[in-house]
Each structure stands twice: as structure tokens, then as C-alpha cells.
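Fold and geometry: a report
Spelled out, the chains give:
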Amino acid sequence: MSTLSSTFSGYPFNADAIPGRHTLHYRVLDAHRGNPLRDIEVLATPDEIQALLHDGYLVRPNIISPTQIEELRAALHEVETRENRNDIEQGNQAFGGIFLRHLEDKHPAFLSLVDFAPAVSVARAVFGPCVTLRGLTARICRPGDRHSEVEWHFHMRMATEPLPPMWCRPQALDVLLYLDDITEDNGPMTVVPGSHQWLDADLPTGLCDDMPEQRVLTVPAGSCVLAFGSLWHRALPTSGRKTRRLLISGYSPAWQKPSIYGRKPENGLAAQLLQDPDLPTAMRELLGVDGYH
């Protein structure tokens, strides 16, 4: 086993932040593999899964420790410092700050986040046992940055009018892990509950007005928000006095293609990990090379 894979394990989390768990038993209908059984320990209660399906999001306050927050901040600073300037994506009027893509290929701390059980297990509860990572991105807004506000948008819907007869809804579960306190003046995420189910409502570009149904999510550093990619959401502007660091990842069914953004490093950490012939199937699925035929 390679050094990388021998030290790799799922990213640790604060078990006290999980109010309950349950187990799902899947039988994968793949005769060529013997119709394997997959037991998934879901780090959420059945009621929480139903709330996620109904509202489109789930909040996990204080899911990682202050020590872990500092470690991830340091890893993010390290990546940003050594990043090729052409690979630091500058934000714009709609999405301010800077973006660092494919972090799982650039630092072991972020590679460990590929298998973040509080998120992966929930994705497997709603999509089935075979899910893949769509990529791990950081968004950083610093004091003085312009356009720290984010317009209303969603990440994935891809519907047409009319819907074709065999249309299959693409879907993802986005994971937003906050490395700074998100208060009312530090750019809280704002969502419209239930909007992940809207297929016939148009959302124009450049819209930043409040919506009557919206909910503003304020959370301490180390908290996580899980949200379906089709959920309407935005970020309110920061006060300009604090830094806002956010890690954004997502999981989708293994047969969907990964995120198209950013330039993936050649022979990055994920590619090195995949060279291990003993790497479990579930991890190969998460890294996009298994789980579909």
C-alpha cells in the first residue's frame, strides 16, 4: 500500500454534532459483480433526511473542531501561496472574491475531505450507494474585495420546456464548510426552502433582492451546510471587516460527470491515491473511476 493511502482515512468530525444515525441496506443490481450488498451508516436521522428532501438543505453546526479549522485554514493558505497565479480564479460582479479549484489534488488535508462521512453518508442516503465527488473548491473574500455579495443562483437544474419523455433530473448534494464565523454582517448563505423542486420557475441573472420565502443561515466557523445543487441560494454581502473562507464540495450519482471548472493538476494527490490497487471500491467511486458501467 502506498504511503499516501496508508495514511488516508475519512476526515474526522465532531460526533456530538450528529443528533442521530440510521443504517440503509442496499443491494446493487449488478450480476457481473454478484449483486453486492452495501450497508450505509447514515449520519442523520430519517426525519432529517425527510427534512432535507422537503426543504433542500440541512445545517450541521460545529461539525469540526477549532483545531481542525486552523489546520484547514493553514492548508488553504499553503495552497494559495504556491498556486500558479493563472490558476487562482478571480471572482466577478456576480461571484466576488477568489476561487481555488481541485484542492483534493493539492494538499493531503483536502484529500481527506473527499470522504467526509457527515456529507458522503447523506449523499448515499438520497442518491444511492454509488456517489462521486464533483470537486473541492475554496472561495475567499477578504476585507476590501469588491462584490462579496452573490446573486441568486442554483448549481444544477438543466431542465427544458417541455421535459422530454425520458428526462432524468441531474442532481448534486453541495457541501459548504465554513472556516470563519458567518454572521449577519459576514455574508450569510440565504436559501429559498423547497426551490430545489422547482422545474418551471425562471431565475434571472443579477437578482440580489430579498425573497419573501428566504431563510438566512448564520453559523459558527466549523459548521457545514448540505444543500441540493438545484436549491435557489445566494450569499449576502460582507461588512468588509472580516475574511470569509469557505470550502465548497459536492457529491452526485457516480454516473454524472464531475465539475467542469478549473484546471486539474497532472498527477495530483487523487491520481496518486488511485494507483493503489487495494483502494476500496467506495473510495474509487468517490474519485470518479468506479461505480458505473
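Structure shown above.
Bear in mind that the values here come from a model prediction, so they are computed numbers and not experimental data. (Residues numbered from 1 in each chain as written. Predicted model: local features only at pLDDT ≥ 70, side-chain atom pairs only at ≥ 80, totals over all residues. Heavy atoms only, no water.)

Brief notes about the overall build of the protein
Worth spelling out the cut-off: Here a helix means four or more residues in a row that DSSP labels H or I, a strand means two or more in a row labelled E, and each is numbered from the N terminus. The reference for a compact globule is 2.2 Å times residues^0.38; the radius of gyration itself is calculated from the C-alpha atoms. For every residue, the accessible area (1.4 Å probe, protein chains only) is compared with the maximum for its type, and the residue is labelled buried under 20%, exposed over 50%, or partly exposed between those bounds. Using the Shrake-Rupley algorithm and a 1.4 Å probe, accessible areas are obtained, with residue cover drawn only from the displayed protein chains. We count Lys and Arg on the positive side and Asp and Glu on the negative side, and we leave His and both chain ends out. To locate a charge, take NZ of a lysine, CZ of an arginine, CG of an aspartate or CD of a glutamate.
Secondary structure assignment for the protein yields 7 helices and 14 strands. Computed over its C-alpha atoms, the radius of gyration of the protein comes to 19 Å, within 12% of the 19 Å expected for a compact globule of 293 residues. On the principal axes, the C-alpha backbone points of the protein span a range of 55 × 45 × 40 Å. Across the 293 residues in the protein, those meeting the buried criterion constitute 52%. When the accessible surface of the protein is totalled, it reaches about 14300 Å², and 53% of it is carbon and sulfur. Across the protein, 27 positive and 36 negative side-chain charges occur, with their mean positions spaced 3 Å apart.

Let's talk about the pairing of strand β2 (residues 37–42)
Which entries qualify depends on this criterion: The criterion for strand pairing is that DSSP finds at least two bridges linking the strands in question.
Of the two faces of β2, the one lined by Arg38, Ile40 and Val42 is fully buried and the one lined by Leu37, Asp39 and Glu41 carries no buried residue. Two elements, strand β1 (residues 22–27) and β2, share 6 bridges in a ladder whose sense is antiparallel. Residue pairing for β2: Thr23 is matched across the bridge by Glu41.

Let's talk about the packing of helix α2 (residues 46–55) against helix α5 (residues 117–127)
For the record, the criterion: Angles run from 0 to 180 degrees between N-to-C directions of axes, and those axes are lines fitted to C-alpha atoms, restricted for helices to the stretch in contact. Just so you know how the angles are binned, under 35 degrees is roughly parallel, over 145 roughly antiparallel, 65 to 115 roughly perpendicular, and the rest oblique. The contact criterion used is simple: two residues touch if any of their non-hydrogen atoms lie within 4.5 Å.
Running from N to C, α2 and α5 point in directions that differ by 70 degrees, and their axes come no closer than 11 Å. Viewed along their axes, α2 and α5 adopt a mutual orientation that is roughly perpendicular. Across from Ile49, Leu52 and Leu53 in α2, the residues of α5 making contact are Val122, Ala125 and Val126.

Some points on the pattern of salt bridges
Going by this rule: Put simply, a salt bridge is a Lys or Arg side-chain nitrogen that is within 4 Å of an Asp or Glu carboxyl oxygen.
Counted under the stated rule, the structure contains 18 salt bridges. Residues Arg234 and Glu149 are paired through a salt bridge, measuring 2.2 Å at the closest nitrogen-oxygen approach. With Arg234 in strand β13 (residues 233–235) and Glu149 in the loop between β7 (137–141) and β8 (150–153), the pair connects residues that are 85 residues apart, well separated along the chain. Take Arg234: its relative accessible area is 2%, and that puts it in the buried class. Linking Asp185 and Arg241 is a salt bridge whose minimum nitrogen-to-oxygen distance equals 3.0 Å. Separated by 56 residues along the polypeptide, Asp185 in the loop between β9 (173–178) and β10 (189–191) and Arg241 in the loop between β13 and β14 (244–253) bring together distant segments of the chain. Residues joined in a network through salt bridges with shared partners are Asp30, Arg33, Arg284 and Asp290.

Structural notes on the state of the cysteines
Our working rule: What counts as a disulfide here is a pair of cysteine sulfur atoms lying within 2.5 Å.
Considering all chains together, one arrives at 0 disulfides under this definition. Distance from the sulfur of Cys141, which forms no disulfide, to the nearest cysteine sulfur (Cys208) is 13 Å. You can call Cys141 buried: its relative accessible area is 1%. In this structure Cys168 is a free cysteine whose sulfur lies 15 Å from that of Cys130, the closest cysteine sulfur available. Of the residues examined, Cys168 reaches a relative accessible area of 61% and is grouped as exposed.

Side note on the sheet that holds β13
Strand order in the open sheet formed by 4 strands is β8-β13-β10-β11, and the pairing between neighbours is antiparallel. Each end of this open sheet is capped by a strand with a single partner; those strands are β8 and β11 (215–217). The average angle at which neighbouring strand axes cross in this sheet is 20 degrees, direction not considered. Sheet topology note: the β10/β13 ladder contains 3 bridges and is antiparallel. Directly across from Val191, in β13, lies its bridge partner His233.

Side note on unusual backbone geometry
Looking along the chain, the bond that leaves Glu161 and enters Pro162 is cis, with omega of -5 degrees. Mapped onto the elements of the fold, Pro162 is located in the loop between β8 and β9. In this structure, Asn62 is a non-glycine residue whose phi angle is positive, near 55 degrees. By the secondary structure assignment, Asn62 is in the loop between β3 (57–60) and α3 (66–82).

Notes on the pairing of β9
Burial within β9 is extensive, with 6 of its 6 residues counted as buried. Pairing of β9 with strand β12 (residues 224–228) involves 5 bridges; the strand directions are antiparallel. What sits directly across from Leu177, in β12, is Cys224. Relative to β14, β9 runs antiparallel, the two sharing 6 bridges.

Quick look at the nonpolar core
Our working definition: Each nonpolar core is a collection of buried residues, namely Ala, Val, Leu, Ile, Met, Phe, Trp, Tyr and Cys, held together in the definition by side-chain atoms within 4.5 Å.
The biggest cluster of nonpolar side chains holds 55 residues, and the ones touching the most others in it are Leu72, Leu103, Phe110, Leu113, Leu247 and Tyr251. Residue contributions to this core peak at 6 residues, all from α5. In terms of nonpolar packing, the next biggest core, distinct from the first, is built from 12 residues, Tyr57, Val219, Val225 and Leu246 among them.

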